[in-house]
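Now for the letters of each chain:
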Amino acid sequence: MKVTGRKDLEKLKDKGTASLFPDRVRIMVGMATCCIVKGADKVMSAIAEEVKRQGVRASVVPVGCTGLCYKEPTVEVVQPGKPKITYGDITLDRVPQLIEAIAKGMVKKEWALYQTEREEQLVQGGYHAYGRGTPKELKGIPKHSDVPFFRKQRKIILRNSGCINPEKIEEYIARGGYSSLLKTVTQMKPKEVIDEVTKAGLRGRSGGGFPAGIKWLSCSKAEGDGKYVICNVSEGDPGIGMHKSLLESDPHSILEGLIIAAYAIGAKEGYIYISSGYKLGVQRMEKAVKDARACGFLGRNILHSGFDFSVKVKEGGGAYVCGEETALIKSIEGDWGEPRQRPPFPAVSGLWGKPTVINNVETLANVPVIMTKGAKWFSSIGSQKSKGTKVFSLIGEVNRVGLVEVPLGITLKEIIYDIGGGIPRGKAFKAVQMGGPSGGCIPKRLSNLPVDYETLAQAGSAMSSGGLIVMDEKTCMVDVVKYFLTFLEGESCGKCTPCRVGVRRMREVLTDISRGKGKKEDLELLEKMARLIKEGAICNLGKTAPNPFLSMLKYFKDEYLAHIQKKKCPAGVCTS
Amino acid sequence: MESFDRSMIGGVLKKHGNDGASLIAILRDVQGECGYLPKEVLQYVSQKLDVPLSKIFCVATFFSSFSLEPRGKNVVSVCSGTACHVKHGGGVADKLTRQLKLSADGKTTADRAFTLEKVRCMGCCSVAPAVRVNQDTYDHVTQDAVNEILKKYGKS
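Given the structure is predicted, the values throughout are model-derived calculations rather than measurements.

(A) How the structure looks around the overall build of chain B. On a plain count of helices and strands, chain B comes out with seven helices and four strands. Each helix and strand of chain B, placed in order from N terminus to C terminus, yields the pattern α-α-α-α-β-α-α-β-β-β-α. Principal-axis analysis of the C-alpha atoms places the extent of chain B at approximately 50 × 30 × 25 Å. For chain B, the residues scored as buried account for 37% of the 156 residues in total. Counted over contacts in chain B with a minimum sequence separation of 6, partners at least 24 positions apart contribute 62%.

Given below as structure tokens:
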């Protein structure tokens, strides 16, 4: 149905609420890529079959990622009169017994991870209780708020992930979705929208954390019509699955943010640029765009405001450098993704030479929340200069791997130990790698550092798009740097010499070091090359390529020296 | 490939409005139909779109998802993301190379039964190291599990 105002939106909201908090049983299976790898798709079909066989009145729905990757496949069950129960490790053999319990109106306590009595309604405020009214707390099952994995998390960007069916627009609306768009286009002037985002202190959730409001303002002031907005889902950092996960779990939150951004800067057309290989994400975003169009959130005269905006989903061809703004633009234009010198910045001259704003998925998913809850609320979360939250893909040698969202300013130690549960098998924690190929390592002794843009940059690392890879004593730092340089060598577009040749030379010298053929002047040579590449490369891929080396030299020089002088790899990884 | 289905390629071009700006999407669809990007087909696309063949070659070789060579019946992709690397995915890749008797730069077995590719992050870092064969993804793969996996796809 076409939504023309508040009343229509309420109708869809009621429909969505009925589906999220139904009278009958609702069984939700986490179905993002990481879940499917662990067999969630087969588990879901088995549940649907079993429900039919045992004659249970229940709806079986796919939802996104709950973040509990270490307990996949996860299944959540809502039953009348009961809190929502989250089950972990639900493999195929457990399905018949689980459904049997549900058929009897019981709970399978031994597989339950936690219970949730009510769901926070972040956008509209307040809570919605499960089980029609006030469900009784079940004994012997921890409460959601007591689970260590969640206690220090704060979900704003991932507010709907794992909670709604990503392919049902009414479930997104029931969680306050598109009410921010309605408010923005009918009650606010574009300049007011930009001011609010600026006041909120929202910074780009990739790269250096450029203030989103300032980017929008310079684009809105840029001369010329036919402006564009682009959502960048192309940060192909090797080692993060989080953008993919948000895309698969809650595509509408990204889309709503993009439409609001378009309204703010005066764009009539936009693109969602998705990295190659994100099939499920592309499929879900295309469905989201289609549904949003049918509801009148896209197209002509959106919500009777006179604002027109259309969006296209574009899939990339698979190149890391296409996360860089100017390369991404070339790729959308149908060219190979080669970056160009900046300025002019895309905000002045971008896609087809028109003023263009490019924001990443996480940045955009924050926007609808800021529009409704206000800049003051948003800026109360986080640290002094880094506001809001950040999603991290917490992986590597850590007990509870998963997708976590934390308020900025939290310490690394809290993330790794309180949320992640520390290092498995009694091994010693060595370092954490953040910022991917353009970032760096932070050693154990600095694990009390707060996670914000400035602190991480000073420590030689980066927030970047949020991979947080925990490394134990069995990880060799020389090997890790060699790995990143090998990756960057392959991903260098080849346009400028410092990056094309310099990164290769650095990798070659490091390879020699790792094979016990290093010379004592090698470190000096590497440092010199690092400086020249940083100064001479055209784009950020090249400019930041030496970072992993520089940060590890700062903190783990001993390890380099052991390879060079003693011809030994202390971690036992490199073989000569 | 000497002859190819012109009407099929025509259909792909039409689907994308014969628009050179959709070149990446067109090449993806062509590869979906042919399994790779045959030279003759690219020449045909170049003529039809009025886009220089050199540009098409640039795009096709720039992006990692395109292949100019025929690929094997089964495509084995080893994830080379950071999490998979830290969790010893490199050893798994080496074992696969040995088992499939591929040279260091060879990608496809002589009988074209298997193509081995190292791919960038698959996005399932929590189950690292990961290996994908065609549409099936395997989690927490060890070197010991490699033979078992290959056997499922007819490797004797």
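(B) Region of interest: the overall build of chain A. For chain A, the count of helices and strands is 22 helices and 16 strands. Its C-alpha radius of gyration of 24 Å places chain A within 12% of the 25 Å reference for a compact globule of 576 residues. For chain A, the spread of C-alpha atoms along the three principal axes comes to 75 × 60 × 40 Å. Per-residue burial for chain A yields a buried fraction of 58% across its 576 residues. Put simply, 73% of the contacts in chain A that link residues at least 6 apart link residues at least 24 apart.

(C) How the structure looks around the sheet that holds strand E13 (residues 402–407) of chain A. All names here are of chain A. If you walk across this open sheet you meet the five strands as E13-E12-E16-E14-E15, and the pairing is mixed. Of all strands in the sheet, those with a lone pairing partner are E13 and strand E15 (440–443), marking the two edges. This sheet shows a mean twist of 30° between the axes of neighbouring strands, independent of strand direction. As paired strands, strand E14 (residues 429–434) and E15 are joined by four bridges and run antiparallel to one another. Looking at E15, one finds that Ala431 is bridged to Pro443.

(D) A look at the confidence of the model for chain B. Mean pLDDT over chain B: 91, with 99% of residues reaching 70 or higher. Scored by ipTM, the complex comes to 0.91, with pTM at 0.95.

(E) Summary view of the nonpolar core. Counting 227 residues, the largest nonpolar core has Ala261 and Val432 of chain A as its most contacted members. A per-element tally of this core places helix H11 (residues 251–265) of chain A first, with 10 residues.

(F) Expanded view of the domain arrangement of chain B. Segmenting chain B into domains produces domain 1 (6–62) and domain 2 (74–151). The C-alpha centroid of domain 2 of chain B is placed 29 Å from the C-alpha centroid of domain 1 of chain B.

(G) Spatial organisation of unusual backbone geometry. The peptide bond linking Glu72 of chain A to Pro73 of chain A adopts the cis configuration, its omega dihedral lying at -5°. Locating Pro73 of chain A in the fold gives a position in the loop between strand E2 (58–63) and strand E3 (75–78). Phi angles above zero are rare outside glycine, and Asp50 of chain B is one such case at about 60°. On the secondary structure map, Asp50 of chain B appears in the loop between helix H3 (39–49) and helix H4 (53–62). The exposure class of Asp50 of chain B is exposed, given the 8 C-beta atoms found within 10 Å.

(H) Seen up close, H3 of chain B. Residues and elements named next belong to chain B. Along H3, the residues that are buried comprise Val41, Val45 and Leu49. Viewed along the axis of H3, the buried residues span an arc of 60°, placing them on a single side of the element. Across H3 from its buried face, at more than 90 degrees, point the exposed residues Lys39, Gln43 and Gln47. On the buried face of H3, the contacting elements are helix H1 (6–15), helix H2 (23–34) and H4. One or two positions beyond H3, positive phi appears at Asp50, with a value near 60°.

(I) Molecular detail of the packing of helix H10 (residues 242–249) of chain A against helix H14 (residues 361–373) of chain A. All names here are of chain A. It is the contact of H10 with H14, at a shortest axis distance of 10 Å, that shows an interaxial angle of 40°. Judged on the interaxial angle alone, H14 and H10 are oblique. Across from His243, Leu246 and Leu247 in H10, the residues of H14 making contact are Val361, Glu362 and Ala365. Per-class residue counts for the contact of H10 with H14 are four nonpolar, one polar and one charged.

(J) Fine view of the domain arrangement of chain A. Residues and elements named next belong to chain A. Looking at chain A, the domain boundaries give domain 1 (21–149), domain 2 (178–377), domain 3 (389–472) and domain 4 (477–565). The C-alpha centroid of domain 2 is placed 33 Å from the C-alpha centroid of domain 1. Every contact between the two is made by eight residues of domain 1 and, on the other side, 12 residues of domain 2. Here the side of domain 1 that touches domain 2 is built from residues that sort into five nonpolar, three polar and no charged.

(K) Focus on the interface of chain B and chain A. With 31 residues of chain B in contact, the opposing surface of chain A contributes 39 residues. Partitioned by chemical class, the residues of the side of chain B that touches chain A number 17 nonpolar, 11 polar and three charged.

(L) The arrangement of helix H16 (residues 412–419) of chain A in detail. Residues and elements named next belong to chain A. Here H16 has its buried residues at Leu412, Ile415, Ile416 and Ile419. Down the axis of H16, the sector holding all buried residues measures 120°, keeping them to one side. Considering only its buried residues, H16 is in contact with helix H5 (148–151), strand E12 (389–396), E13, E14, E15 and strand E16 (467–472). Of the residues one or two after H16, Gly421 is the one with positive phi, at around 75°.

(M) Structural view of the packing of helix H18 (residues 477–491) of chain A against helix H19 (residues 497–514) of chain A. Residues and elements named next belong to chain A. Closest axis-to-axis distance for the H18/H19 pair is 9 Å, and the angle between their directions is 150°. Judged on the interaxial angle alone, H19 and H18 are roughly antiparallel. H18 and H19 meet at a crossing whose hand is left-handed. Contacts between H18 and H19 involve Val478, Asp479, Val481, Lys482, Leu485, Thr486, Leu488 and Glu489 from the former and Val503, Arg504, Met506, Arg507, Leu510, Thr511, Ile513 and Ser514 from the latter. Here the contact of H18 with H19 is built from residues that sort into eight nonpolar, three polar and five charged.

(N) Geometry of the sheet that holds strand E11 (residues 356–360) of chain A. All names here are of chain A. Taken together, the four strands give an open sheet; going across it, the order is E10-E9-E8-E11, and neighbouring strands pair in parallel fashion. Here the strands that pair on one side only, and so sit at the sheet edges, are strand E10 (310–315) and E11. Each strand axis lies, on average, 20° off the axis of its neighbour in the sheet, ignoring direction. Of the pairings in the sheet, the one linking strand E8 (residues 227–233) to E11 comprises five bridges and is parallel in character. Within E11, the position partnered with Tyr228 by the bridge is Thr356. Contacts between H11 and the sheet are confined to E8, strand E9 (267–274), E10 and E11, with E8 contributing the most and set at about 155° to the helix. Across the sheet, helix H12 (residues 279–294) is in contact with E9 and E10; its angle to E10 comes to roughly 170°.

About the criteria used
- Residues numbered from 1 in each chain as written.
- Chains lettered and ligands numbered in written order.
- Predicted model: local features only at pLDDT ≥ 70, side-chain atom pairs only at ≥ 80, totals over all residues.
- Helix = DSSP H or I, 4+ residues; strand = E, 2+ residues; numbered from the N terminus.
- Buried ≥ 20, exposed ≤ 12 C-beta atoms within 10 Å, placed from the backbone.
- Contact = placed C-beta atoms within 7 Å.
- Rg over C-alpha atoms; globule rule 2.2 N^0.38 Å.
- Pairing = 2+ DSSP bridges.
- Axes fitted to C-alpha atoms, helices over the stretch in contact; angles between N-to-C directions.
- pLDDT = per-residue confidence, 0-100.
- Core = buried A, V, L, I, M, F, W, Y, C linked by C-beta atoms within 7 Å.
- Domains from an automatic or database assignment.
- Arc of directions from axis to C-beta.
- Parallel < 35°, antiparallel > 145°, perpendicular 65-115°, else oblique.
- Nonpolar A, V, L, I, M, F, W, Y, C, P; charged D, E, K, R; others polar.
- Left-handed = near helix turned anticlockwise from the far one by under 90°.

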